[in-house]
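Summary of the model geometry
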Amino acid sequence: MCGIALIVSGVRIDLSSLFLSSITSSAQSEQSLFSVDDIKEALKSRGPDSLGSKKVFLHSKIPSSVGGRDLLSCAGGEEATKNDFLCSTNACQCITSESEELCWKDDGFNKRECVAELYFIGAMLQLRGVKPIVQPLVDASGNILVYNGEIFGGIDVSIDSNDAEVLMESLGKCCSCSSHEHIRACHEIGKEKTSVPDILSAIKGPWALIYLQASSRTTWFGRDAFGRRSLLVHWPTSKDSRLLLTSVSPPSSIGKSSDLGEECGQGGSNFWEELPCGIYSVSVDDSKLDGDMVGEVERHEWTDPMLYELINWERTSVQPKPEELNISRMKFRSRQHDMHSVNSTTIPHELGLIEAPVLLPSEAVLITLREAVKRRSTINTMFEGHAPVAVLFSGGLDSMILAALLDNCLDPKYEIDLLNVSFDKELAPDRISSRGGLKELQRFSPLRRWKLVEIDADLSNLTLETRHVMSLLNPARTYMDLNIGLALWLASSGSGWVYEESIGNVNSNYDSENCQSIKYKSEARILLVGSGADEQCAGYGRHRTKYRNGSWIGLHEEMKLDMQRIWKRNLGRDDRCIADNGKEARFPFLDEDVIRTLLGFPLWEIADLDQPSGKGDKKILREVAQLLGLHEAAVLPKRAIQFGSRIARESNRKNFGSNRAANLASAGSAEISRP
């Protein structure tokens, strides 16, 4: 998938249920700071296989047509003509409360009678399905879907099916209920139809979606419970009274920042905001007072109780007794001699079949994590590439585990690209560890063709690239966001150098000094990323600080806070920067089953921060690495990408003069001064 957008004009959006002020949106008077073309260009830059759009026109009650009922019509393309509204496969369908009828009159369709307009845009990076499809999808009932996501469970999607098409079919069977009361009533009277929130709550995997349910004149939108796919929203304001949804802000957001004024904050960066995770609806109807179209926004509850457990991020055991902590430290060492058993095919791969006494916590995590990687690396035969899946690679603990598990799951005939970025060439810590990691992976799987793609960058020469990434970050706006975003954007481009030795003799030792480098660009469209590992397994320095100051309870609360804000601080930004290169980021550590498995164990099985760095932090993942045989990676200290790649150091020198000055200015949280 790639990106989606919706532009709603001519509707007074009622935001009272979200405790926000409502603004009247009029097609005649509204200001448009960002045009449809601006948003299309932003989605097109992400390298989609296709880009489509669909207009929907909303009408007030017109006495001269079809009995005075409310009408809804749609057209494909920029301008509506009479031919757009013939009832054929690609034509409009007029949906009333009672029936479907033609909506054009003898003298042709008159757009001046339209009260409001909904403009759907869908950019498609197709990774599943046997035939190419173009979004928006429109079904026989006039429902419209633009979808950016993957379904890894909850709804059955065969290997030859496309997620969006399967989801469209499921949503088309839903009842027309939109409010909480109606949904409950629908279930109480025994109707077999499920609701839209039921379907969306069932999806396992990352998603962002916009769906028009024609029968109820309701537009649904939202993103998954962890925010693994970006979706930005502009709630109507006096500066721009439209309701806007988009996967990424237009590049012109930077250039037009001065036009936004004080209402949108300094630099206009508050024009867009990350849509909080959840399911929303806008039901449009005529106002009884003035005849204007009114769209009431509602936020809906998730209907899967298991999802609430993950969102609330509670574990039953946080504070250990001394004897429990000692047992935890001893039992893994006592099992190390028999670690090969976890890789045996006799061990069940469904966590539900595993009895607690059979496996250690790290063994259960390994099995669940392997399944998460497997779900994210299944290749559809129509879209196979030379190296179909790549890994964002530092050579550190998380990326080494992902690379090893990918090797377990991916057919041996495929190469695996390991993408590493450095702003200090071979001297950056991540470049050093990535080369060491490659050697360990070559020993781990000597028959696999591993390619370490070394991507070198000089921050002083990236003026245009930096400006572009700033538009991708929006609404994130700190120097830390820029450092991370630029590193991710460059790494995910996959454009760098590989050494001839790593292409030819895969069994030889990696030695860059004795080999010739070759220009190379990774064509992999799927990128495995280690996001979520540090948040769930106490990998940050602040976790150790909280533990020292507040013991186990303080550590738990800090980790919980990290998980509950990861959608806003990390994932939307990361998804936008990676997707801009025509790649789809996939996060195995944020798989629902992996999160549930990690939460199912006592906190002291996850981390033991009385132990030194490289041992007690992310304890359970270090044990997973040992189980895999990655003994060198298992003891590596944690390094964030901005420090491991040394972009933070170069950024501090460029923007503050020195690291010392940057630290005094709290550069990590300082906002960028936009032109």
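The structure we're discussing is the one just above.
Presented here is a report on the structure given in the accompanying data block. (Residues numbered from 1 in each chain as written. Predicted model: local features only at pLDDT ≥ 70, side-chain atom pairs only at ≥ 80, totals over all residues. Heavy atoms only, no water.)

Ordered by their spatial adjacency, seven strands build an open sheet running β2-β16-β15-β11-β10-β9-β8, and the pairing between neighbours is mixed. Every other strand in the sheet has two partners, leaving β2 (12–14) and β8 (137–138) as the edge strands with one partner each. Of the pairings in the sheet, the one linking β8 to strand β9 (residues 144–149) comprises two bridges and is antiparallel in character. Opposite Leu-137, over in β9, you have Leu-145 as the bridge partner. Running at roughly 135° to β9, helix α2 (residues 163–172) makes contact with β8, β9 and β10 (207–213) of the sheet. (Pairing = 2+ DSSP bridges. Helix = DSSP H or I, 4+ residues; strand = E, 2+ residues; numbered from the N terminus. Contact = heavy atoms within 4.5 Å. Axes fitted to C-alpha atoms, helices over the stretch in contact; angles between N-to-C directions.)

The next thing to look at is the environment of Leu-167. In this structure, Leu-167 sits in helix α2. Residues Leu-167 and Leu-145 lie 22 residues apart in sequence; the distance between their C-alpha atoms is 8.9 Å. With residues near it in sequence (within four places) discarded, Leu-167 still touches Leu-145, Tyr-147, Ile-151, Ile-155, Ile-199, Ile-203 and Leu-209.

With that settled, consider the pattern of salt bridges. Once their charged atoms are close, side chains differing in charge can pair, the charge on each being opposite to the other. A complete count under the given rule lists 45 salt bridges for this structure. Here Arg-431 ties to Glu-454 by a salt bridge, and the two come within 3.7 Å at their closest N and O atoms. Placement of Arg-431 in helix α10 (residues 429–444) and of Glu-454 in strand β19 (residues 450–456) is noted, with a sequence separation of 23 residues between them. Taken individually, Arg-431 and Glu-454 each receive the classification buried, so the pair is uniform in this respect. The shortest N-O distance in the salt bridge between Glu-558 and Arg-542 comes to 3.4 Å. The class of Arg-542 is partly exposed, set by a relative accessible area of 30%. Through salt bridges that share partners, Arg-128, Glu-150, Asp-163, Arg-229, Asp-575, Glu-584 and Arg-586 make up one connected network. (Salt bridge = Lys/Arg side-chain N within 4 Å of Asp/Glu carboxyl O. Buried < 20%, exposed > 50% of the residue type's maximum accessible area, 1.4 Å probe, protein only.)

A few words now on the pairing of strand β13 (residues 243–246). Both faces of β13 are covered, namely the face carrying Leu-243 and Leu-245 and the face carrying Leu-244 and Thr-246. Note that strand β12 (residues 232–234) and β13 share three bridges and pair antiparallel. When the sheet's bridge partners are listed, His-234 is paired in β13 with Leu-244.

This next bit is on the pairing of β9. Along β9, six of the six residues are buried, which leaves the element largely enclosed by surrounding structure. With burial as the criterion, each face of β9 is covered, one bearing Ile-144, Val-146 and Asn-148 and the other bearing Leu-145, Tyr-147 and Gly-149. What sits between β8 and β9 in their antiparallel hairpin is a turn of five residues, with Gly-142 showing a positive phi close to 90°. Where β9 lies against β10, six bridges are found, and the strand directions are antiparallel. Opposite Val-146, over in β10, you have Ile-210 as the bridge partner.

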